[in-house]
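Report on the structure
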Amino acid sequence: AYSNPSAPPTLFYWHIESKTGNAEVDFIAAKKNQIIPIEVKSRAKGGMKSLKVFFETHPESHHGVKISENPFSKHGLLEEVPL
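Residues numbered from 1 in each chain as written. Predicted model: local features only at pLDDT ≥ 70, side-chain atom pairs only at ≥ 80, totals over all residues. Heavy atoms only, no water.

1. Examining the packing of aromatic side chains
- Tallying each qualifying case throughout the model produces two aromatic pairs.
- With 5.1 Å between their ring centres and 85 degrees between their planes, tryptophan 14 and phenylalanine 54 make a pair best called edge-to-face. Placement of the pair is tryptophan 14 in strand S1 (residues 11-18) and phenylalanine 54 in helix H1 (residues 49-57), with a sequence separation of 40 residues. Here tryptophan 14 matches phenylalanine 54 in class, with each residue buried.
- Considering the side-chain rings of phenylalanine 54 and phenylalanine 55, the 6.2 Å spacing of their centres and the 70 degrees angle between planes classify their relative orientation as edge-to-face. (Phe/Tyr/Trp six-rings, centres within 6.5 Å; stacked < 30°, edge-to-face > 60°. Helix = DSSP H or I, 4+ residues; strand = E, 2+ residues; numbered from the N terminus. Buried < 20%, exposed > 50% of the residue type's maximum accessible area, 1.4 Å probe, protein only.)

Written as structure tokens, this is what we have:
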């Protein structure tokens, strides 16, 4: 909403389908030549299967964000940010 309207978009969505199920990441942001997956959960608990699949299929991505009711924390490739 605050970006230059003539600039190309830098926020995306990711979805993959397979025989064993589907995976999706709510937002994909591009920042400083890095791909950052962002998951938004409405509750403190929520599965991270989709982010795991994303990291497995995109080894060049070294950082992800989960936004939820949980307090701020970091573990592995994931940074949790409170709503």
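2. A short note on the sheet that holds strand S3 (residues 34-40)
- The six strands are arranged S1-S2-S3-S4-S6-S5 in an open sheet whose pairing can be described as mixed. Strands with a single pairing partner mark the edges of an open sheet, and in this sheet they are S1 and strand S5 (73-75). Taking the axes of each pair of neighbouring strands and ignoring which way they run, one obtains an average angle of 30 degrees across the sheet.
- Pairing of S5 with strand S6 (residues 78-82), which is carried by three bridges, proceeds in the antiparallel orientation. Across the sheet, histidine 75 pairs through a bridge with leucine 78, a residue of S6.
- Relative to strand S2 (residues 21-31), H1 is tilted by about 65 degrees, and along the sheet it contacts S1, S2, S3, strand S4 (64-68) and S6. (Pairing = 2+ DSSP bridges. Axes fitted to C-alpha atoms, helices over the stretch in contact; angles between N-to-C directions. Contact = heavy atoms within 4.5 Å.)

3. Some details on H1
- Those residues of H1 that fall on the buried side of the exposure criterion are Ser50, Leu51, Phe54 and Phe55. End-on, the buried residues of H1 take up no more than an arc of 135 degrees, which puts them together on one face. Residues of H1 that are exposed and point more than 90 degrees away from the buried face comprise Lys49, Lys52 and Glu56.
- In this fold, the buried residues of H1 make contact with S1, S2, S3, S4 and S6. (Arc of directions from axis to C-beta.)

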